[in-house]
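# Observations on chain architecture
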Amino acid sequence: MADTSEVLPAGWARVRIDELCDINPKHGADLADDVEVSFVPMAAVSDVAGEITEPETRRLGDVRRGYTHFSDGDVLWAKITPCMENGKSAVARGLVNGVGCGTTEFFVLRSHGAVVPEFLHQFMRQQSYRDAARGTMQSGVGQARVPKNFIEATILDLPPLAEQRRILARIAQLRSRSHSARDALDVIPTLLNQFRQSVLAAAFRGDLTDGWRATTPQESGSVFLDEIRAARRDAWSRAGRVKRGQANGIHDHSLTQYKEPPSTDSSTLPRLPASWTWATATELSSAVYPLSYGVVQPGHEVEEGVSLLRVCDIGENGEIAVDGMRKIDASVDDEHRRTRLRGGEIVMSLVGTIGRTAIVPEALRGGNIARAIARIEPSTLVPARWIARFLQSPAMQEWLNRESREVARKTLNLGTLASAPIPLAPPAEMKEILRKLDELLAKHAEVTQLLMSQAAEIDRVESAILDKAFRGELVPQDSDDEPASVLLERIRAERAAAPAKQRRGVRARARR
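All values reported here derive from a predicted model rather than from experimental measurement.

## What about the overall build of the protein chain?
- Looking only at helices and strands, the protein chain has 16 helices and 23 strands in total.
- In terms of overall size, the protein chain is more extended than a compact globule, its C-alpha atoms giving a radius of gyration of 30 Å where 512 residues would be expected to give roughly 24 Å.
- If you line up the protein chain on its principal axes, its C-alpha atoms span 90 × 50 × 45 Å.
- Residue burial in the protein chain is summarised as follows: out of 512 residues, 47% are buried.

What follows is the structure, encoded as structure tokens:
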């Protein structure tokens, strides 16, 4: 936003956007319905490049009603969250017959001629402008939108037309350097992901501890699995002595018999080191707190309610975004005590994005999980990190997706997850593998953090370039340029003298 307390550079003028542009103009009735035009849904605008990337071609008669109208040279700017915050905007160029229609979630700005569309677009793409717009968003029913009067009342410090073009040329020149740096950085996330996947794959093939096994007395994974099974039965028996309802979320099995979970059929599974064995997710989890999915009907959001963990809160690498989580009423949480979180258990997405896995942080103790998430309480003898890391490994991710079913959305059945095969190393080797994994994944996190800081630095540099541009510090002023105020007066006079149809800026490149 322009700082109206600052003195303008020579030749500049301070003006509202609705004095510079028509906002949301309409196509004229003289455009035939059978004319082909570009159609631009929100998905066809790149928030990264600020361009229309994949427009469709439609008959004007099919999209004239119910959509936004625009023409070559108009600025499109998303008004709905989160598209506005993400920077979905573009200057319409190369439209079919110079004419376009698109989602009504765009504001369309058509310059009267005093502002170059690309200059206005750069101004409106600034992070500071989008931050100011976010502060005005209104939400009645549905998603929040920026009100039209925010755009209309925006003050723009306007350089002479020739200086606008020099500024745009200088911005393009400077950005070519930052784009090169960004292109180089864009390659790294793929390499980092490949590194992470290869490390996890090596860990659960036993490759990370090849040398360790050669110099260390071997234990038996099968014997370890028997100990886990015995501990599971013992925990069940002890919990059975707890009276009904005394322990929050404990499976009430006081009137039932313990049933040993079936073993996995390892005949078709990959070969493991000789001292390892296969187990199922159920065998390695608590019998007292069995695998469960969460709240089916969360109801209305409650400001001071119980945190509800959803799929969108779990990151690709197992991080959980605790801040800003949805809150549910305490009565809803009470109906789902079995999935009330205690901290330290494993959660995994079952619907939509399958297999996103994390360990619940202590900060989420007392929260609950959504229907699309499973909770796995690991055996006290098996570190949660062992199970969670394997669930994140490429082999298991492939298995989970293969076993999912596509109905309305891709879904993994809880029973299928319960039977998922998990390799089990003897305790000492498991500890050594987790130590090595922690070291390697810490390096991965370190490089990822460095990458993010470098990307943020590029953003900061690009933002500083725009700040200088809109303060008149990026290129020198030229006294031969026609002052913006003179141009504005001339355009106002021409528009006042023009017929009403022409003032509306109707462009009829494709006529009957």
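The rest of the description comes next.
## So, the pairing of strand E8 (residues 75–78)
- Burial along E8 is two-sided: the face carrying Val75 and Trp77 and the face carrying Leu76 and Ala78 are both buried.
- As judged from the three bridges shared by E8 and strand E9 (residues 89–91), these two strands associate in the antiparallel manner. Its bridge partner being in E9, Leu76 is matched across the sheet by Ala90.
- Note that E8 and strand E11 (residues 106–111) share four bridges and pair antiparallel.

## Describing the sheet that holds strand E3 (residues 36–40)
- Reading across from one edge, E6-E3-E10-E7 is the order of the four strands in this open sheet, with mixed pairing throughout. In this open sheet, the two strands that pair with only one neighbour each are strand E6 (56–59) and strand E7 (68–71). On average, each strand axis in the sheet is inclined to that of its neighbour by 40°, with strand direction left out of account.
- Examined bridge by bridge, E3 and strand E10 (residues 99–102) share three bridges and lie parallel to one another. What sits directly across from Phe39, in E10, is Cys101.

## A look at the nonpolar core
- Formed by 58 residues in total, the largest nonpolar core has its most connected members in Leu284, Leu309, Val347, Val382, Trp386, Leu417 and Leu437.
- Ranked by the residues each element gives to this core, the list is headed by helix H11 (residues 384–392), at six residues.
- Excluding residues that lie within four positions of it along the chain, Leu309 makes contacts with Ile314, Ile320, Met325, Val347, Leu364, Asn368, Ile369, Ala370 and Ile373.

## Thoughts on the side chain of Thr416
- Considering the arrangement of structural elements, one finds Thr416 in helix H13 (residues 414–418).
- Classification of Thr416 as buried rests on a relative accessible area of 18%.

## Thoughts on the packing of helix H7 (residues 161–205) against H11
- In contact at an axis separation of 9 Å, H7 and H11 are set at 125° when each is read in the N-to-C sense. Judged on the interaxial angle alone, H11 and H7 are oblique. Handedness of the H7/H11 crossing: left-handed. Where H7 abuts H11, its residues Arg196, Gln197, Leu200 and Phe204 lie against Trp386, Arg389, Phe390 and Gln392.

## Some thoughts on the sheet that holds strand E2 (residues 21–23)
- On the basis of which strands lie adjacent, the open sheet formed by four strands has the order E2-E11-E8-E9 and antiparallel pairing. One side of each edge strand has no neighbouring strand; the edge strands of this open sheet are E2 and E9. The average angle at which neighbouring strand axes cross in this sheet is 20°, direction not considered.
- Sheet strands in contact with helix H4 (residues 117–125) are E2, E8, E9 and E11, and its direction is about 170° off that of E9.

## Digging into the confidence of the model for the protein chain
- Chain-level pLDDT for the protein chain is 90 on average; 93% of the residues reach the 70-or-more range.
- Low confidence marks residues 243–247, where pLDDT is under 50. Its contacts with residues over four positions away, or in another chain, come to three contacts.
- Below a pLDDT of 50 lies the segment residues 505–512, which in the model reaches 25 contacts outside its immediate sequence neighbourhood of four places, other chains included.

## Focus: the packing of H11 against helix H12 (residues 394–403)
- It is at 5 Å that the axes of H11 and H12 come closest, and there the two elements cross at 70°. Here H11 lies roughly perpendicular to H12, going by the angle between them. For the pair H11 and H12, the contacting residues are Phe390, Leu391 and Gln392 in the first and Pro394, Met396, Gln397 and Leu400 in the second.
- Looking at the contact of H11 with H12 residue by residue, the classes come out as five nonpolar, two polar and no charged.

## Topic: the pattern of salt bridges
- The tally for this structure, following the rule as stated, stands at 36 salt bridges.
- A salt bridge links Arg229 to Asp226; the nearest nitrogen and oxygen atoms lie 3.2 Å apart. In this pair, Arg229 and Asp226 are both assigned in helix H9 (residues 221–240), three residues apart and thus about one turn of the helix distant.
- A residue is classified by how much of its surface remains accessible, and Arg229, at 18% relative accessible area, is buried.
- A relative accessible area of 42% places Asp226 in the partly exposed class.
- Two residues, Glu398 and Arg402, come together in a salt bridge whose shortest N-O distance is 3.8 Å. Here Glu398 pairs with Arg402, and both are found in helix H12, just four residues apart, close to one helical turn.
- Its relative accessible area of 53% is what places Glu398 among the exposed residues.
- Through salt bridges that share partners, Asp333, Asp334, Arg337 and Arg340 make up one connected network.

Definitions and cut-offs
Residues numbered from 1 in each chain as written. Predicted model: local features only at pLDDT ≥ 70, side-chain atom pairs only at ≥ 80, totals over all residues. Heavy atoms only, no water. Helix = DSSP H or I, 4+ residues; strand = E, 2+ residues; numbered from the N terminus. Rg over C-alpha atoms; globule rule 2.2 N^0.38 Å. Buried < 20%, exposed > 50% of the residue type's maximum accessible area, 1.4 Å probe, protein only. Pairing = 2+ DSSP bridges. Axes fitted to C-alpha atoms, helices over the stretch in contact; angles between N-to-C directions. Core = buried A, V, L, I, M, F, W, Y, C linked by side-chain atoms within 4.5 Å. Contact = heavy atoms within 4.5 Å. Parallel < 35°, antiparallel > 145°, perpendicular 65-115°, else oblique. Left-handed = near helix turned anticlockwise from the far one by under 90°. pLDDT = per-residue confidence, 0-100. Nonpolar A, V, L, I, M, F, W, Y, C, P; charged D, E, K, R; others polar. Salt bridge = Lys/Arg side-chain N within 4 Å of Asp/Glu carboxyl O.

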